[in-house]
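One-letter residues, chain by chain:
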Amino acid sequence: MAATKTAIDLSAAMVTQAVPLADWLLVAPILLTMAGGALTIILRKKSAAQPWIAISVISLVLLSNIALLNHVLSNGVVTMVMGSWLPPFGIAFTADALGALLALTASVATLCVAIFAMNSIAANERRYGFYPFLLMLLCGVTGSFLTGDIFNLYVWFEVLLISSFGLQVLGNEKTQIDGAVKYAVLNLIATTLFLAATGLLYGLVGTLNMADIATKVKAFDNSGPVLGLATLYFLAFGMKAAAFPVNFWLPASYHTPRLVVTAIFAGLLTKVGVYALLRVMILLMPEGRDWLASLIGVVAIATMLTGAFGALAQTDIRRTMAYLVIAGIGAMLSGIAVGNQVAISGTIFYSMHSVLIMTALYLLVAFMYQMSGTFSLREIGGLYIRTPLGAGIALILLLAVAGLPPFSGFWAKLLLVAGALEADRGWVAFGILASGLLTTIAVGRIWIFAFWRGGNENTVDGIQALPIAGSADASDVSASIWLPLIVLTALIVVIGVLPEGVMSISEYGAKTLIDPTVYIGSVFGGAQ
Amino acid sequence: MNTLILRTVAPYLTALMLLFSVFVLLRGHNEPGGGFIGGLIAVSAFAIYGIACGVSAVRRAMKFHPMSIAASGLVLAVLSVLPSLFLGQPAMTSQWYAVPFLGTAIDLSTPLFFDVGVYLVVVGAISSIALSLEERAD
């Protein structure tokens, strides 16, 4: 109670030394998004002010995440425990290069989506909560990336899931309910598995703090419970990340919400699953990963190939993009299957690339729909004449998702292939290259049909057909649509041309994951 | 439900339950209780009032829209995290302040404000769900 005056030595249980202000960068994104979400709910009737509140809050989060990444790169892993209670009892927020990089990328993607949504989300849908849900989604995603406690990770998963349910049914259409049910059921099963596995893990090692788990789990090396837990976690997070064969929910649900919503889903949600896999498989249970490596390899190759073939088979560009998300997930999983430092940094690089490229591609689909009035590759055409700038952006984005140089996807795949060859996993390398080839064909088809061909599928070569009724003209496209597309494309090009920065960050992140001494030292540094 | 007995009793029952919810909220720091459970009790009070006297009566009685109540609770919870920022302590470190009141001291603390925030979030969110469900039933 109030200031008990008796002399109790608090330093045994609590942090007593002053905490530098910079450590608050760990919780700043969460506090900002929560407060911003609350503010947009209170002002829900002022639909004109909503985008501006959201955009300024997300910009602040972006700045804070830049500062956090900078802090992590110059001072190593940063930890803050809630309520001053020393770990493992206080909930720890711990940012390493992996978490900070992904949190930063997530805020970039969310900012682009918030700007893009200014024109594409109708005022009445804003009133139904687009911006509050978007802010809470960012809150959940950033929380997942920055927390150092596995049960807390579960809580952030719930935050982002509930926000994503809200975003998914925005618009109240029948197909949206259908998509949301598939999405919700599968994700709830995955979350339940995650919770069950966490309960079992707590029963086994008696702690929920990730750094503490990483230390204590070594006492159980190669025993049945640890391997069983690793498998449970792999299934739970694999489902969230949309790994084969538990990925059918993704193409079944991603084409139903508003496209801006899908853009943020495709950018962030599956990557949270990959992130959680990295944390659990590499940091917490490396033995479990070694034991599962071949299985993860097979799953990764199957995911990449189903994604690439799925993308080839579709004629609806929204569905093609959904399969491209899956192909990317396969590539990220392949890094976890290989498990050496090069491959893990490839996975981290690819996650970052994938957040940017998938958000950009879905925004591109929304733009193409606005220009042509259709999603079907049979109907679409003639966009090159109507928007040369759009055609250029589309070419860059589509080649980047296939992993062609000089764009960001190339370096990620290069690291993944190099890692796989180094570890003598030729099949994984082959899978990455084969899916890259198939993806190139799939995206090439989109560009040729939508931009090069003069009109719909019956158009004769060299003829420019009339645009479909109801489609917009390039001059009608507002700046709020161009700006996010151009910014994301520019980022992808810049990272592709100057990859050293991101490469060294992901290498640093991979090093901390594989050898967790720095991570553990950061959490328990005060205690020892 | 349009029975005279329920309609007569409901306002008193609601008032009692709301009072009880505040009691549960306040005792929550050291004993079973707290913002979440207190909030649920308050929502049940509103729900009973809604069943007896109709949803519009509840909305009038609540004065603010449930969503605004939930959002202000969230703001309060976020604000209660901040004081430790200015004292160089980690987030959510509790701060205590004893207020002298009629010869005794009342302990005010940041966890109390956090809990009140949780109470408001639960009251707002769940009652907005409950009220819209009751509205459909009408």
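Residues numbered from 1 in each chain as written. Chains lettered and ligands numbered in written order. Predicted model: local features only at pLDDT ≥ 70, side-chain atom pairs only at ≥ 80, totals over all residues. Heavy atoms only, no water.

A. Representation of the packing of helix H2 (residues 35-53) of chain B against helix H3 (residues 55-62) of chain B in the model. All names here are of chain B. Contact pair H2 / H3: the axes reach a minimum separation of 7 Å and the direction vectors enclose 135 degrees. Between H2 and H3, the crossing angle belongs to the class labelled oblique. The residues of H3 that touch H2, namely those facing Phe46, Tyr49, Gly50 and Cys53, are Val55, Ala57, Val58, Ala61 and Met62. (Axes fitted to C-alpha atoms, helices over the stretch in contact; angles between N-to-C directions. Helix = DSSP H or I, 4+ residues; strand = E, 2+ residues; numbered from the N terminus. Parallel < 35°, antiparallel > 145°, perpendicular 65-115°, else oblique. Contact = heavy atoms within 4.5 Å.)

B. Expanded view of the side chain of Thr512 of chain A. In this structure, Thr512 of chain A sits in helix H20 (residues 500-514). In contact with Thr512 of chain A, not counting residues within four places along its chain, are Val77, Asp96, Leu283, Val518 and Tyr519 of chain A.

C. Representation of helix H7 (residues 174-205) of chain A in the model. For H7 of chain A, which comprises 32 residues, the first-to-last C-alpha distance of 46 Å matches the rise-based estimate of 46 Å (1.5 Å per residue) to within 8%. Count one or two residues on from H7 of chain A and you reach Gly206 of chain A, which has phi positive near 75 degrees. (Expected span 1.5 Å × (residues − 1).)

D. Region of the structure containing the side chain of Asn187 of chain A. Among the secondary structure elements, Asn187 of chain A is positioned in helix H7. Its relative accessible area of 5% is what places Asn187 of chain A among the buried residues. (Buried < 20%, exposed > 50% of the residue type's maximum accessible area, 1.4 Å probe, protein only.)

E. The arrangement of the pairing of strand E1 (residues 78-81) of chain A in detail. All names here are of chain A. Neither face of E1 is left uncovered, since the one carrying Val78 and Met80 and the one carrying Thr79 and Val81 both have all their residues buried. The sheet contact formed by E1 and strand E2 (residues 92-95) spans four bridges and is antiparallel. Its bridge partner being in E2, Met80 is matched across the sheet by Phe93. (Pairing = 2+ DSSP bridges.)

F. Looking closely at the interface of chain A and chain B. Contact with chain A, which involves 21 residues of that partner, is made by 22 residues of chain B. Summed over both partners, the interface of chain A with chain B buries about 1,800 Å², with 76% contributed by carbon and sulfur atoms. Here chain A and chain B share zero salt bridges between them. The tally of links between chain A and chain B comes to six residue pairs in polar contact (both at pLDDT 80 or more). Those elements that provide at least two residues to the side of chain A that touches chain B are helix H1 (28-42) and E1 of chain A. Top element by residues in the side of chain A that touches chain B is H1 of chain A. It accounts for six residues. Looking at the side of chain A that touches chain B, its residues break down into 17 nonpolar, three polar and one charged. (Buried area = accessible area lost by both parts, 1.4 Å probe. Salt bridge = Lys/Arg side-chain N within 4 Å of Asp/Glu carboxyl O. Polar contact = N/O pair within 3.5 Å; in protein donor to acceptor, adjacent residues only side chain to side chain. Nonpolar A, V, L, I, M, F, W, Y, C, P; charged D, E, K, R; others polar.)

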